Amino acid sequence: GGLNLKDEVIDTSIKAWLTEHPEATTTVQDGAITEGKINAEFLPYIKNGYVTPEMFGAKGNGITDDTVSIKSAFATGRDVHLMANKTYLVTETITVEKLQNFNGENSAIIFNPHNTLDAGLVITNLKPTVYAEKKFVINNISLDCNGKVNNGLCAQNIVGNIFDNIFIKGALTYGIDTNYNSNVHANNYNHITINGGGLTAIGIKGSPDSVYNSCTSIDCITGFELNDDIANDCSAWISNVDYFKGS
């Protein structure tokens, strides 16, 4: 009944893995891995309780498809951090459904699906009756929809959470749909920038009783579509229009 692999297949796979992970062939006793190195490289994940896509094989080079690795990181239920200043290529919708903090560490996700996706990054709660129990933060992330995603970032079934320092470009319908399907209100959106590149119909679609601070819509057909929201220091503009003609 089980899967039987030939010894040479197993041997080849093991050698390939060891080549890619030379640290696995060393020990603390021989000094190759020091206590300091262990503390510096591994304890932050244990102490802070977060995981990275690299723990599940992500490359973050903008070329290799990191979809499975990113999904695997979120599937753990722990907070997720990207590695700083990397680029992750993704070909499917990424859904965050366990109320996890997500720190992009100023890295970028580029969507390059075979067919247009309805949503790029979906933040949702599978148990909306308990969404008051935990609040989360999504921050420091760039999403490049590449003209192949209808809605860049979507929020669903969440209340009272924080979205901060997010840049989204190239979505087709909404840069951010903060009321994707239902049950979204009273969230805070800070320092959000949507660059539509002339593609995006509406930069930010609002949700009831939410607050938008220092949000900017650039080159979108419509900048904001708000509904009983509070907007502070927000702006919408088109780069090829001169608003200050004349002397």
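Residues numbered from 1 in each chain as written. Predicted model: local features only at pLDDT ≥ 70, side-chain atom pairs only at ≥ 80, totals over all residues. Heavy atoms only, no water.

**Q** Explanation requested: the overall build of the protein in the structure shown.
**A** Per the secondary structure count, the protein includes four helices and 20 strands. Counting across all 247 residues of the protein, residues that qualify as buried make up 39%. When the accessible surface of the protein is totalled, it reaches about 13000 Å², and 52% of it is carbon and sulfur. (Helix = DSSP H or I, 4+ residues; strand = E, 2+ residues; numbered from the N terminus. Buried < 20%, exposed > 50% of the residue type's maximum accessible area, 1.4 Å probe, protein only. Areas by Shrake-Rupley, 256 points an atom, 1.4 Å probe, with all protein chains shown as cover.)

**Q** Explain the environment of Lys135 here, please?
**A** Examined against the element boundaries, Lys135 turns out to sit in the loop between strand S7 (117-124) and strand S8 (137-144). According to the relative accessible area criterion, Lys135 is partly exposed, its value standing at 40%. Residues Lys135 and Asn161, 26 residues apart in the sequence, show an inter-C-alpha distance of 5.4 Å.

**Q** When you look at the packing of aromatic side chains in this model, what are you seeing that I'm missing?
**A** Aromatic rings in a pair are described by how distant their centres are and how their planes are angled relative to each other. In this structure the tally under the stated criterion is four aromatic pairs. A centroid spacing of 4.8 Å and a plane angle of 15° characterise the contact between Phe163 and Tyr189, whose relative ring orientation is stacked. Here Phe163, found in strand S11 (residues 162-169), pairs with Tyr189, found in strand S14 (residues 188-195); they are 26 residues apart in sequence, far enough to count as distant. Like Phe163, the residue Tyr189 is buried in the burial classification. Through pairs of rings, three or more aromatic residues link up here, namely Phe136, Phe163, Tyr189 and Tyr212. (Phe/Tyr/Trp six-rings, centres within 6.5 Å; stacked < 30°, edge-to-face > 60°.)

**Q** Looking at this structure, I do not really get the nonpolar core. What am I missing?
**A** If you look at soluble globular proteins, the nonpolar side chains tend to sit buried side by side. Counting residues in each nonpolar core, the largest one holds 40 residues, and the members touching the most others are Phe102, Ile109, Ile123, Leu153, Phe163 and Ile192. Excluding residues that lie within four positions of it along the chain, Leu153 makes contacts with Leu121, Ile123, Leu143, Phe163, Ile166, Ile168, Gly175, Ile176 and Asp177. (Core = buried A, V, L, I, M, F, W, Y, C linked by side-chain atoms within 4.5 Å. Contact = heavy atoms within 4.5 Å.)

**Q** Help me out: how do you make sense of helix H4 (residues 67-75) in this one?
**A** Each turn of an α-helix holds 3.6 residues, which means side chains three or four residues apart point in the same direction. Buried within H4 we find Thr67, Ser69, Ile70, Ala73 and Phe74. Here the buried face of H4 lies against strand S1 (50-51), strand S2 (61-65), strand S3 (79-81), strand S4 (87-90), strand S5 (94-96) and strand S6 (102-111).

**Q** Help me understand unusual backbone geometry, please; the structure alone is not making it clear to me.
**A** Phi is mostly negative for residues that are not glycine, and the peptide bonds are mostly trans. Positioned with a positive phi, Asn85 is a non-glycine residue whose angle comes to about 60°. Within the fold, Asn85 resides in the loop between S3 and S4.

**Q** I keep staring at the pattern of salt bridges and nothing clicks. Help me out?
**A** Pairing is possible between side chains that carry opposite charge, provided their charged atoms lie close to one another. Throughout the structure, instances matching the rule amount to three salt bridges. A salt bridge links Glu92 to Lys71, with the nearest nitrogen and oxygen atoms 2.5 Å apart. Within this pair, whereas Glu92 is found in the loop between S4 and S5, its partner Lys71 is found in helix H4, the two being separated by 21 residues in sequence. We classify Glu92 as partly exposed; its relative accessible area is 39%. A relative accessible area of 35% places Lys71 in the partly exposed class. With a shortest N-O distance of 3.9 Å, Asp144 and Lys169 are connected by a salt bridge. (Salt bridge = Lys/Arg side-chain N within 4 Å of Asp/Glu carboxyl O.)

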